[in-house]
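# Coordinate analysis (summary)
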Amino acid sequence: MDLNYSAEETAFRDEARGWLSQSLPHDLRDKVVNYRDLSKDDLLRWHTILAEKGWVAPDWPVEWGGTGWTAVERYIFEEEMGYAGCPPLIPFGLRMCAPVLFRFGTEEQKKRYLPRIYQGVDFWCQGYSEPGAGSDLASLKTRAVRQGDHYVVTGQKIWTTLAHFADWIFCLVRTDASREKRQEGISFLLIDMRSPGITVRPIVLMDGGQDVNEVFFDDVKVPVENLVHEEHKGWTVAKHLLGYERMGTGRVGQSKRELQTLKEVAARQLKGGRPLMDDPRFRDRLTRVEVELMALEITNLRFLDQLRGGRPPGAEVSLLKIKGTEIQQGISELMMQAAGPFAQAFRPVDNMDFDHFTARLAARYCNMRKVTIYAGSNEIQRNIIAKATLGL
Ligand SMILES: Cc1cc2nc3c(=O)[nH]c(=O)nc-3n(C[C@H](O)[C@H](O)[C@H](O)COP(=O)(O)OP(=O)(O)OC[C@H]3O[C@@H](n4cnc5c(N)ncnc54)[C@H](O)[C@@H]3O)c2cc1C
């Protein structure tokens, strides 16, 4: 097993790092590293810069704009973006809807939707979860009844990230409620968010931010050509998409950058007249997180080595989601500890030179509670590992 980058991979990393340092606008980086809210314009600005460079969708087929990079190069680029402090690329179009269309879409659907996703013209969101159907997704109830050349959709989705920005939503809907097996009778529909009968209602999270929404469908007409794959076969599509959702949740590059910042904050913060960084208990906690992060990186590299050898990683990639998100939460907890009373939300901090940063820490801490829930909760990821890898 080779856990080092080859000379070509190292050269690629240097090229990516150099380009990012030149191309990432300072104001966007400033917002990301200081945990400030990103607007839709911010997200699209970064998307467009990458699209113009031809690097916005590295894993797409080359004929549709993919870069042709190896899995290792794609991973390196991802981690370099996280380390540099780039805004996130919103995955719903690029990383969820697009792979579904490549695998199951008609030529017409591909031509209609993919170029607009690549250019950032259409903003997508994901309509899977419903009240009562999260981990147990197959119990979803939103109904789609075929009437001539369209479906009529009625029901509710919940936790729909960035639905308030979205032009389109891809939805799992029940087209046949009579099937004994709940996974059968589900279909995958693409729905224009401007359709009459759609209402988006914000859910304000405990950090005061609005990332997620409830989406209501009240007799919404959806043309039948917006069905992806066969009617009643949406569960196959849903599973294909969830595999992609789990990728990219480890965020090693981002955690490395945040850990570096944490060390800088702890070196400046005094406890009993000495830098917090000299406190053995604080150092112990910080070191544990750092060691976990190194272990996560090595685990990532192990999976990449498998990919180099042509062996796709299986259910054990759930490990990356569990560990990556636990580390992200661990860092946010230590940040709070390091900043002490200055980490309180809305509290003016005028005697510290990192005030913008510390003033956002409590909100950040609250916001990070979500990472062990979304993209399949960590408990569900443990079940996947237990069943598929350990055979329990
Ligand atoms: C910030 C955020 C953004 C989200 N964005 C989207 C989005 O854009 N689109 C979308 O469709 N969904 C989205 N979700 C929904 C997300 O996928 C669900 O919240 C998640 O799948 C859990 O479902 P639930 O909330 O219904 O909780 P439940 O499924 O009710 O689970 C409650 C608790 O029980 C545990 N649990 C449930 N079943 C088991 C089991 N079998 N074994 C062990 N433990 C179990 C869970 O781990 C959890 O701790 C988002 C969620 C959050 C928090």
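Everything numeric here is computed off the predicted structure, so don't read it as measured data.

About the thresholds
- Residues numbered from 1 in each chain as written.
- Predicted model: local features only at pLDDT ≥ 70, side-chain atom pairs only at ≥ 80, totals over all residues.
- Heavy atoms only, no water.
- Helix = DSSP H or I, 4+ residues; strand = E, 2+ residues; numbered from the N terminus.
- Buried < 20%, exposed > 50% of the residue type's maximum accessible area, 1.4 Å probe, protein only.
- Areas by Shrake-Rupley, 256 points an atom, 1.4 Å probe, with all protein chains shown as cover.
- Lys, Arg positive; Asp, Glu negative; His and termini not counted.
- Charge placed at Lys NZ, Arg CZ, Asp CG, Glu CD.
- Near = heavy atom within 4 Å.
- Polar contact = N/O pair within 3.5 Å; in protein donor to acceptor, adjacent residues only side chain to side chain.
- Nonpolar A, V, L, I, M, F, W, Y, C, P; charged D, E, K, R; others polar.
- Pairing = 2+ DSSP bridges.
- Expected span 1.5 Å × (residues − 1).
- Bend = angle between axes of the 7 residues up to and from the residue.
- Phe/Tyr/Trp six-rings, centres within 6.5 Å; stacked < 30°, edge-to-face > 60°.
- Lys NZ or Arg CZ within 6 Å of the ring centre and 35° of its normal.

This part takes up the overall build of the protein chain. Across its full length, the protein chain holds 13 helices and 10 strands. The buried share of the protein chain, taken over its 392 residues, is 49%. When the accessible surface of the protein chain is summed, it comes to about 19100 Å², and 52% of that surface belongs to carbon and sulfur atoms. A gap of 3 Å separates the mean positions of the 52 positive and 53 negative side-chain charges of the protein chain.

Here we come to unusual backbone geometry. Most peptide bonds take the trans form, and the phi angle of most residues other than glycine is negative. Of note, the phi angle at Tyr35 is positive, near 55°, even though the residue is not glycine. Considering the arrangement of structural elements, one finds Tyr35 in the loop between helix H2 (26-33) and helix H3 (40-53). Unlike most non-glycine residues, Leu162 shows phi in positive territory, near 55°. With a relative accessible area of 10%, Leu162 lands in the buried category.

Our next topic: the site of the ligand. In the neighbourhood of the ligand, 17 residues make up the surrounding shell, with Ser135, Trp159, Thr161, Ser377 and Glu379 lying closest. For the ligand, an oxygen atom lies 2.6 Å from a polar atom in the side chain of Ser377. Glu379 has a polar side-chain atom sitting 2.6 Å from an oxygen atom of the ligand. A total of three residues in the shell around the ligand trace back to one element, the largest contributor, which is helix H13 (residues 378-389). Across the shell around the ligand, the residue classes tally to seven nonpolar, eight polar and two charged.

Attention now goes to the pairing of strand S4 (residues 168-174). Successive residues of a regular strand alternate their side chains across the two faces of the sheet. Counting buried positions along S4 yields seven of seven residues, so the element is predominantly enclosed. Where burial is concerned, the two faces of S4 agree: the one with Trp168, Phe170, Leu172 and Arg174 and the one with Ile169, Cys171 and Val173 are both buried. Across four bridges, the pairing between strand S1 (residues 124-127) and S4 is parallel. By the bridge assignment, Trp124 is partnered in S4 with Trp168. When S4 meets strand S5 (residues 186-192), the two strands line up antiparallel, connected through seven bridges. Counted as the bridge partner of Trp168 is Asp192 from S5.

We now examine helix H5 (residues 91-104). Look at H5: 18 Å from first C-alpha to last across 14 residues, which is about the 20 Å you get at 1.5 Å a residue. The sharpest bend along H5 reaches about 35° and sits at Cys97, with the proline Pro99 one to four residues further on. The buried count for H5 comes to 10 of 14 residues, which makes it a mostly enclosed element. Those residues of H5 lying buried are Phe92, Gly93, Leu94, Met96, Cys97, Ala98, Pro99, Val100, Leu101 and Phe104.

Further remarks concern the packing of aromatic side chains. This model, assessed by the stated rule, comprises 16 aromatic pairs. Ring centres of Trp19 and Trp55 lie 5.0 Å apart, and the angle between their planes is 65°; on these two criteria the pair is classed as edge-to-face. With a gap of 36 residues between them, Trp19 in helix H1 (residues 7-23) and Trp55 in the loop between H3 and helix H4 (71-84) connect regions that are remote in the sequence. Within the aromatic cluster, the residues linked to one another by ring pairs are Phe12, Trp19, Trp46, Trp55, Trp69 and Phe77. The aromatic ring of Tyr151 is capped on one face by Arg146, whose charged end is 5.9 Å from the ring centroid.

Honestly, it's all geometry; don't read function into it.
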